[in-house]
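Examination of the molecular architecture
Single-letter residue listing:
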Amino acid sequence: MELPALIAVLVDAILIKCPQYDRASVTIALESVFAGHPTLLGGNSISMLLGQNNDYTNATITIGDVNAGNQVHVTVTLPQPIDPLPAALAALASIPLTDVPTPRSDLPQASRLPFESSPHFVGREAELNALAQAIGTAQPAVVMPAVATGLGGIGKTSLVTEFSYRYGVYFQGGVFWLNCADPDQVANQIAACAVGLKLDTTGMALDEQVQRVLHAWQSPMPRLLIFDNCEDPAILDQWKPTVGGCRVLVTARSDAWPTLTQIRLGLLSPVESRALLQRLCARLTDAEADAIAEDLGHLPLALHLAGSYLATYPHHTIGQYRKDLTIAHRSLKGRGALPSPTRHELDVEATFMLSFNQLDPNNALDALALGMLDGAAWCAPGVPIPCDLVLALVLAEAGDDGHPSRTTDRDDAVDALRRLQQLGLLNGTELVVLHRLLAQVVQSRLGSLDMLAEVESCLAWVTATVTASGNPQRLTPLIAHMRYVTLRALDRGDLVAIQLADQLGAFEQLHGAYAAAQIVYERALVICGSHLGMGHVITAGILHNLGVTLAHQGRYKEAQAWYEHALVITEQVVGADHPYTGGILSNLGVVLDHQGAYAEALPLIERSIAIRDRVLGADHPDTAMSLNNRGVVLEHQGRYREAQHCYEQAVAITTALVGDSHPTTAKYRSNIALMLERQGQYAAAARIHETVVAIIETVLGAEHPDTAMSLHNWAFALINQGQAAQAQTLMERAIGINERVHGREHRATALCIHHLGLALIHQERYAEAQPILEQAIGIYERVVGPRHPEIAAVISNLGGVLAHQGRYGDAEQCYERALAIREAVLGSEHPDTATTRNNLNSLITAKGYGLRAVLLNNCAVLFASQGCFKDAQYLFEQALALYEPLLRLHHSDTTTVIENMGCLLMLQDRSIEAVGLIERACMLYEQSIGRDHEMTNRLRVYGAELKESIQFQ
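Values in this document were obtained by computation on a predicted structure and should not be read as measured data.

**Quick word on the overall build of the chain**
Of the regular secondary structure elements, the chain holds 40 helices and 14 strands. Going through the 953 residues of the chain one by one, you find that 53% of them count as buried. Counting contacts in the chain only where the partners sit at least 6 residues apart, residues at least 24 apart contribute 65% of the total. Summed over all atoms, the accessible surface of the chain reaches about 40300 Å², with 53% contributed by carbon and sulfur.

**With respect to the UniProt feature "repeat: TPR" (unreviewed entry) in the chain**
As recorded in UniProt, the feature "repeat: TPR" (unreviewed entry) lies at residues 792-825. The span residues 792-825 carries 91% helix and 0% strand; its end-to-end C-alpha distance comes to 10 Å.

**Section: helix α10 (residues 286-295)**
All buried positions along α10 are accounted for by Ala289, Ala291, Ile292 and Ala293. Next to the buried residues of α10 lie α9 (270-280), α11 (300-312) and α12 (318-324). Positive phi shows up at Gly297, right after α10, with a value of about 65°.

**Comments concerning the sheet that holds strand β14 (residues 431-433)**
Whenever strands of a sheet pair, they do so through backbone hydrogen bonds, lying parallel or antiparallel. If you trace the three strands from one edge of the open sheet to the other, you get β10-β14-β13, paired in antiparallel fashion. Across the chains shown, the open sheet's two edge strands, defined by having one partner strand only, are β10 (385-386) and β13 (427-428).

**Things to note about the sheet that holds strand β7 (residues 223-228)**
Overall, parallel pairing links the five strands, which are arranged β6-β7-β8-β5-β9 in an open sheet. Single-partner strands in this sheet number two, and they are β6 (175-179) and β9 (261-264). Ignoring strand direction, the axes of neighbouring strands in this sheet form an average angle of 20°. The sheet contact formed by strand β5 (residues 146-149) and strand β8 (residues 246-252) spans four bridges and is parallel. Residue Val147 lies in a different strand from β8, and its bridge partner there is Val250. Against the sheet, helix α7 (residues 206-217) contacts β6, β7 and β8, and its axis sits at roughly 125° relative to β7.

**Overview of the packing of helix α29 (residues 682-700) against helix α30 (residues 705-721)**
In a pair of packed helices, the angle between the axes and the distance between the axes together describe the arrangement. Relative orientation of the contacting elements α29 and α30 amounts to 160°, with a least axis distance of 8 Å. It follows that α29 is roughly antiparallel to α30 by the angle criterion. In this structure, the crossing between α29 and α30 has a hand that is left-handed. Contact residues: α29 offers Tyr682, Ala683, Ala685, Ala686, His689, Glu690, Val692, Val693, Ile696, Glu697 and Leu700, while α30 offers Asp706, Thr707, Ser710, Leu711, Asn713, Trp714, Ala717, Leu718, Asn720 and Gln721. Partitioned by chemical class, the residues of the contact of α29 with α30 number twelve nonpolar, six polar and three charged.

**Side note on a negative patch on the surface**
The grouping of Asp409, Asp411, Asp412 and Asp415 at the surface amounts to a negative patch. Within the element layout of this structure, Asp409 appears in the loop between β12 (404-406) and α16 (410-422).

**Digging into the environment of Ala618**
For Ala618, the location among the structural elements is in the loop between α25 (598-615) and α26 (621-636). Sequence spacing of Ala618 and Gln649 is 31 residues, and the spatial spacing of their C-alpha atoms is 9.7 Å. Among residues more than four places away in sequence, those in contact with Ala618 are Asp613, Thr623 and Ile653.

**Digging into helix α1 (residues 3-17)**
Between its terminal C-alpha atoms α1 stretches 21 Å, which fits the 21 Å expected from 15 residues at 1.5 Å a residue. Buried within α1 we find Leu6, Ile7, Leu10, Val11, Ala13, Ile14 and Leu15.

**Observations regarding the pattern of salt bridges**
Summed over all chains, the structure comprises 33 salt bridges. Arg322 serves as the salt-bridge partner of Asp295, at 2.6 Å between the closest nitrogen and oxygen. Of this pair, Asp295 sits in helix α10 while Arg322 sits in helix α12, placing them 27 residues apart in sequence. Note on Arg322: relative accessible area 36%, which makes it partly exposed. Linking Glu558 and Arg555 is a salt bridge whose minimum nitrogen-to-oxygen distance equals 2.8 Å. Looking at Glu558, the relative accessible area reads 38%, which means it is partly exposed. Overall, Arg555 belongs to the partly exposed group, its relative accessible area being 29%. Counted as one network, the salt bridges with shared partners bring together Lys333, Asp347, Glu349 and Arg445.

**Regarding the packing of aromatic side chains**
Scanning all chains against the criterion turns up five aromatic pairs. Relative to Trp217, the ring of Phe176 has its centre 5.7 Å away and its plane inclined at 55°; by these criteria the two rings are tilted. Of the two residues, Phe176 sits in strand β6 while Trp217 sits in helix α7, which places them 41 residues apart along the sequence. Through a chain of ring-to-ring contacts, the aromatic side chains of Tyr309, Tyr313 and Tyr321 assemble into a single cluster.

**Some details on the packing of α1 against helix α2 (residues 23-34)**
Direction vectors running N to C along α1 and α2 enclose 130°, while the axes themselves pass 10 Å from each other. Put simply, α1 runs oblique to α2. Considering only the axes of α1 and α2, their crossing is right-handed. Along its contact with α1, which presents Leu3, Leu6, Ile7, Leu10, Val11, Asp12, Ile14 and Leu15, the element α2 presents Arg23, Val26, Thr27, Leu30, Glu31 and Phe34.

**Observations regarding the pairing of β5**
With burial as the criterion, each face of β5 is covered, one bearing Ala146 and Ala148 and the other bearing Val147 and Thr149. In terms of strand pairing, β5 meets β9 through four bridges, oriented parallel. When the sheet's bridge partners are listed, Val147 is paired in β9 with Gln262.

**Concerning the environment of Ile735**
For Ile735, the location among the structural elements is in helix α31 (residues 724-741). Classification of Ile735 as buried rests on a relative accessible area of 9%. Here the alpha-carbon distance between Ile735 and Pro705, two residues 30 residues apart in the chain, equals 9.9 Å. Setting aside residues no more than four positions away along its own chain, Ile735 makes contact with Cys752, Ile753 and Leu756.

**Describing unusual backbone geometry**
For Lys198, which is not glycine, the phi torsion reads 60° and is therefore positive. Overall, the relative accessible area of 36% leaves Lys198 in the partly exposed class. Even without a glycine there, the phi angle at His298 is positive, about 60°. By the secondary structure assignment, His298 is in the loop between α10 and α11.

The rules behind each value
- Residues numbered from 1 in each chain as written.
- Predicted model: local features only at pLDDT ≥ 70, side-chain atom pairs only at ≥ 80, totals over all residues.
- Heavy atoms only, no water.
- Helix = DSSP H or I, 4+ residues; strand = E, 2+ residues; numbered from the N terminus.
- Buried < 20%, exposed > 50% of the residue type's maximum accessible area, 1.4 Å probe, protein only.
- Contact = heavy atoms within 4.5 Å.
- Areas by Shrake-Rupley, 256 points an atom, 1.4 Å probe, with all protein chains shown as cover.
- UniProt positions renumbered as here; feature names shortened; annotations may be inferred.
- Pairing = 2+ DSSP bridges.
- Axes fitted to C-alpha atoms, helices over the stretch in contact; angles between N-to-C directions.
- Parallel < 35°, antiparallel > 145°, perpendicular 65-115°, else oblique.
- Left-handed = near helix turned anticlockwise from the far one by under 90°.
- Nonpolar A, V, L, I, M, F, W, Y, C, P; charged D, E, K, R; others polar.
- Patch = residues over 30% accessible without salt bridge, like charges linked within 9 Å, V, L, I, M, F, W, Y side chains within 5 Å.
- Salt bridge = Lys/Arg side-chain N within 4 Å of Asp/Glu carboxyl O.
- Lys, Arg positive; Asp, Glu negative; His and termini not counted.
- Charge placed at Lys NZ, Arg CZ, Asp CG, Glu CD.
- Expected span 1.5 Å × (residues − 1).
- Phe/Tyr/Trp six-rings, centres within 6.5 Å; stacked < 30°, edge-to-face > 60°.

What follows is the structure, encoded as structure tokens:
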């Protein structure tokens, strides 16, 4: 019987029993039913069963909801048997592969499914969709199962149960569930499926019954077979049909299914976890549900138990519950729990132990696996662990040099790790995760202190190695674990904690987390005082490192005090010529330099160089560091040639040791670029700075304070090239980084704000620049005091801004203050002092001439417009003579006068004189503001246009 004729017969039967419906609506509804789509007829659900007598000569249509008590059954005897296969294949072909359908209870009549759909099921849309795509092919073929794998309690059985109720209607041959937890019972379960298949197995032996069912499953009829808890692939191979229309889903903890499509179940998302908890316990706020979900590691079984417990026993406060919550808590043992829709054991620990107990400590491979599991449990809970670290825990043992030395065959270690992954105890491949609740189980069962020592040793060694490399990104997968074990050790308060804190603090400094490093060092210092005393060399090292973190935070006075304390101890314990002493001397010199005490800083750094050169060698990286530091102080003293020589030595050493692309080499090279700027080689300097930015940002990251400083240096070079707009963008980015890392009240932030103002000055945006410079002055005054050389630079530039605004009296006060600071700190012969003195003198001169020059220029323009060229020229020449003292102030009015006078000469056909005037002005501007400045370029272009017009004539 063809489908259209069958639908017509069924429509007639329905309309006789239910005349309230119209033919068109019933026809559309039945067509949708045959396609396998959920359908409503007049607001009521409609479903159909075919061939209840197994001869496909009858059909029963059900309209309405059994729960609402409004069901109507229409049974029709068909005029001739129908072939159900085309309709079944059509239904399977319509299975949704993108949208997840809602659950429905009208599974095909033949189905054998022991569980009901859960009202508390949340999320998992991606996994449901993936299962549908894996088995949803419409053509009968060789059966290729899909496997849902994951940790015990992750919700594998719940997932495939939900899948059955959402997608089961598309498998009109039925849904059949086999629990493979007990392999000896699988045959009985298969035989029981004969009832739904309408197979008469009366009097047959079990084996014959099974064969009858297996034979039926090999027909083309689409069916869904579920092999739940199937940990042994041999069970699946033994019982699944190899051909036919069956589609097969498997659930297993093990991921050892290399030839099958695997859908690995992860934990619930925070949103899904919250939704599940609040469905179970409505009194939970969002914040409370989120906190509990985090405590439970978003494990569905644990969430189900916790939510049920809190709903059953409402007298428990959420705060107290969380405080008491461990793997042994009664809630996670099933107390007060709602029944599991899948009859899962309501005990999280017992669920985990099903896998854990499969590891035999007397088996060599399992013993390695247990060691790995023990080590992973000492790491940060629920945080991915690199497989290399897990392997190292059984491969490595501390040798005489403190480095790990191999004691276990690596192949054995890999096999042991694979064993844990197959049992579902570790989830992942390159990064593996031990669930936080499972970690508690492992700790209670194993918890070896020897393994804890191994974990701490491995992490300390790797952290030290990465820190020495200068590339913090190499530690990214491990840093959470290093922080976790270090903080736990600090709570323990032993000598190992000092070593871990020292390594962690050094790493935190490397990637710019100075406040975090400070906390670690301060806690280590307390332990040093308790165990070693304040006169120990290790204590001195912690004091020194604490000073480094404070210096990076701009707390120079505090840093200086710690350095001086550490220096006294070190000189007394290891001597004045020890490398430890040299390191402290160098950093003490740097912090004095930051405070503007250049004369005090230089001899300390030079002493450091002498110690390091003699003890470590001239080509040691620490020697290079001290040379670079010496260059910084010399530069600040105005001894630029000597500074450049130090920078070049430092670059040569580090390049030979670590290459051009190392961030340390790049930072030293940046200092050479600063020297090129002093020589007017702005383009070359900018190219170096751009390269440095690329290196440092790649290695240290976009938010590192060294990235901010390299951006600042590049921007400063661009300002001197006349590319102030581009420089402004870079400087604003540098300010943002510094504010996020250091905060606004920091010397580095003030420096960038100052030079942002400078970029605005070079764009002649004086009104915008003024408040920016005033902000920088305020920060400097609060951070380094009112007499620091860097604050003098800002005050001097503010004087320039005020002069351009015609506020000559205020500008003069700024120049006088800047000059007083520079003369007191730098001396009267320092180049910066000389520049400020010249600016002040130019301003004093300009004060009397500025207004008169403007009037002369305006009168000259008026005369020129009236054709009085001779008088106009005389006035222009007088205005230009008055403006020349303002060239050092970059006064834009000077350019206007020169251009006006050039136009006047051209009107008089005196082109050669006009060109000479422009060239003279260009020369003056090159001397005062640089060859690449925009004002210089503007005049140069104007002169070139004049020359071209002369040649054309």
